[in-house]
Amino acid sequence: MKNFIYILLTLLFLQTQVQAFNVVYPKNTYQKINSPSTFFVGSVEQGEELYINGIPIELHYSGAFAKSVLLKNGQNIFVLKSSMGEEKKYVIERPLIGVNYKKAEYNQFETPLIVEVSRNGAPIRTTAVQSGINRLAHYKNGMVLSAIGELGDMYKVELSPQNYVWIAKSDVKNSKQNYDKAILYNYKKQQNKKEYIYKFALSKQTPYSIEENGNLSLKIYNVVANKNDVVQFSFVLNQKLMGYSAEYSGNTLVVKIKKEPKLNKKLPLKNVKIVIDAGHGGSEQGAISCLGNPEKEFNLSISKYLEHELKAMGATVYMTRHFDRFVSLNNRVKYTNDKNAQIFVSIHANSLPDNKNPLEHRGSGVYYYYDEAKPLSESIINAVCKNMAVRNNGIHQASFAVVRNTSAVSVLVETAYVINPDDNSLLIDDDFKRKYAASVAEGIKNYILQQNKVAIFRKNKIKFIKG
Ligand SMILES: [Zn+2]
């Protein structure tokens, strides 16, 4: 009992004690970090000074600090001490380099191994790397493929002569099917109010890919055709690409291309459905800012201002979260696709890996995966940087799940860096957040107003085989 009271008193004492400084990164006082450098991010109480291993560090007027430090191999010790005498010791272990790991070698099979996709949405990739922007298509369960070799944990797949891709071994299983060529019987074009629909009737399911190269072009592989067993079909569009999909229904490959919304001059976003995605939430904090606020809070508050602005322009707006709660990435994607939204905007604030210096990184950037989202990304970054005093970090292609798997034109906005003291001061300013949201809305509006013509379909020269 005595012990219990003692512990209780100690806890109460610790809670009421004012700390002279607060470190938000590194998270733990003992940590392994495999990088040539890392950083200490946090804040000090007013009037305090802070020293790392006896050397004073630069403090922002807000009390925030972000100090990059070099790491040597093995153990690194950093003692952080405030002018009031409070002290914290950090031990950071950098693993010794020079560990040999065997590099995988490519092995060509004597006879192809026929496999089939065993996981819905499995990506085929243009290089033997299981990350990044190298995805060519995603296939459903049962798609038959011909593996001609292996490299580490990936198979090299021949879709048709001279068309090679890669797939993870864990995404396929051995198949009893064969890889005979398919026959393309015919195609039909239909349309409704919302989309153009193209139906390609085949003798069986066979691999395909869709690429954006100014226009939209479809390739169907391993088909009886003139050249390399590939049928290529271009959808020449005289409209912005605003979302499309391609998937099998039985043996028919169905391509759907969304039409541009009808323009309404008074309310430019009247016929536009937009999903706003406030990044992170609930148990998932996102990055922690120098001053200790979690990224999820900045994201939500900018998202709510954005909702208000977009509604005022006539848009139908959906929010993946409206308060502080956890939402999985899958559910954010599913929600967006279920709403059949034309535009998806995810709001985040940025952080950095250990080897970067937080004092050297500020400003805004917009990320997209599909080329169709490039014009929207440009429009948003232009509006933001025209209206706000933020550094322009441009637009970038990146493989984020929320912009990759949504059928809307999808972008992710990194508003500012939470671990940069100057940017952190902006992010805690309500006026900044309101104006930022208004600028994103302006960027979306400008994008919608860019051009609004009807899609034109150009005839493709394809030989059909009568079935
Ligand atoms: Zn984030």
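Being a predicted model, the structure only gives us computed values, none of them experimental.

Read from one edge to the other, the open sheet built from 4 strands follows the order 16-17-22-21, with strand pairing classed as antiparallel. Strand pairing shows two members of the sheet lacking a second neighbour, strand 16 (184–191) and strand 21 (244–249), which therefore form its edges. Each adjacent strand pair in this sheet contributes to an overall mean axis angle of 15°, direction not counted. Here 6 bridges tie strand 21 to strand 22 (residues 252–258), and the two strands are oriented antiparallel to one another. Bridge pairing in strand 22 links tyrosine 244 to isoleucine 257.

Another point: the coordination of the zinc ion. Donor atoms from the polypeptide that bind the zinc ion are His280 (NE2), Glu295 (OE) and His348 (ND1), placed at 2.2 Å. On the accessibility criterion, histidine 280 (16% relative accessible area) is buried.

Here we take up the pattern of salt bridges. Scanning the entire structure with this criterion turns up 17 salt bridges. Because the salt bridges share partners, they merge into one network encompassing Arg362, Asp422 and Asp423.

Here the domain parsing of the protein chain yields domain 1 (21–94), domain 2 (107–174), domain 3 (184–258) and domain 4 (273–449). Taking the mean C-alpha position of each, domain 3 and domain 4 sit 32 Å from one another. With 7 residues of domain 3 at the contact, the number on the domain 4 side is 12 residues. The junction of domain 3 with domain 4 conceals about 900 Å² of combined surface from both sides, 48% of it contributed by carbon and sulfur atoms. The largest share of the area that domain 3 buries against domain 4 comes from Glu212, Met242 and Lys258, three residues that together contribute 54% of it. Run the count over domain 3 and domain 4 and you get 0 salt bridges. At the junction of domain 3 and domain 4, the tally comes to 7 residue pairs in polar contact (both at pLDDT 80 or more).

What follows deals with the pairing of strand 28 (residues 409–417). As a general feature of sheets, a regular strand has side chains that alternate between the two faces. Burial within strand 28 is extensive, with 9 of its 9 residues counted as buried. In this sheet, strand 28 lies alongside strand 25 (residues 343–350) in parallel orientation, the contact comprising 7 bridges. Residue serine 346 lies in a different strand from strand 28, and its bridge partner there is leucine 412. In this sheet, strand 28 lies alongside strand 26 (residues 364–368) in antiparallel orientation, the contact comprising 3 bridges. Directly across from tyrosine 367, in strand 28, lies its bridge partner leucine 412.

In the predicted model, the protein chain carries a mean pLDDT of 90, and the fraction of residues at 70 or more is 91%. Note on residues 452–459: pLDDT is under 50 here. Beyond four places in sequence and across chains, it has 22 contacts.

On to helix 3 (residues 329–338). If you check which residues of helix 3 are buried, you get Arg332, Val333 and Thr336. Projected down its long axis, helix 3 carries its buried residues within an arc of 95°, all on one side. Along helix 3, the residues that are exposed and aim more than 90 degrees away from the buried face are Asn330 and Asp338. Contact partners of the buried residues in helix 3: strand 23 (273–278), strand 25 and helix 5 (401–404).

This part covers the sheet that holds strand 6 (residues 64–70). In space, the 3 strands of this open sheet follow the order 1-3-6, with antiparallel pairing throughout. Only two strands of the sheet have a single neighbouring strand rather than two, namely strand 1 (21–25) and strand 6. Going across the sheet, the axis of each strand differs from the next one's by a mean of 30°, ignoring polarity. In this structure, strand 3 (residues 37–44) lies alongside strand 6, joined through 7 bridges in antiparallel fashion.

Basis of the calculations
- Counting restarts for each chain: residues are numbered from 1 in the order of the written sequence.
- Since the coordinates come from a predicted model, pLDDT governs what is reported: local features require at least 70, and pairs of side-chain atoms require 80 or more to be given and counted, while whole-chain, interface and lining totals use all residues.
- Side-chain metrics in this entry use all non-hydrogen atoms of the structure; hydrogen atoms and water are not considered.
- Two strands qualify as a pair provided that DSSP identifies no fewer than 2 bridges between them.
- Each helix is a run of DSSP H or I of at least 4 residues and each strand a run of E of at least 2, with the numbering of both proceeding from the N terminus.
- Helix axes are fitted to C-alpha atoms over the stretch in contact, other axes to C-alpha atoms as well, and angles between N-to-C directions run from 0 to 180 degrees.
- Atoms are scored as donors when they are N, O or S and lie within 2.8 Å of the metal, with 3.2 Å used for Na, K and Ca; no water is included, so coordination may look incomplete.
- Each residue is placed in one exposure class: buried if its accessible area under a 1.4 Å probe, protein chains only, is under 20% of its type's maximum, exposed if it is over 50%, and partly exposed if it falls in between.
- Take a side-chain nitrogen of Lys or Arg and a carboxyl oxygen of Asp or Glu: if they are within 4 Å of each other, that pair is a salt bridge.
- These domain limits were set by an automatic method or by a database of domain assignments.
- Note on contacts: a residue pair qualifies if any of its non-hydrogen atoms lie within 4.5 Å across the two residues.
- The term buried area denotes the loss of accessible surface (1.4 Å probe radius) that occurs when two parts are joined, taken as the sum for both partners.
- Whenever two N or O atoms come within 3.5 Å, that pair is a polar contact, provided that in protein one can donate a hydrogen and the other can accept it, and provided that, for residues adjacent in sequence, both atoms are side-chain atoms.
- pLDDT: the predictor's confidence for each residue, scored from 0 to 100.
- Of all possible arcs, the one meant is that of the directions from the helix axis to the C-beta atoms.

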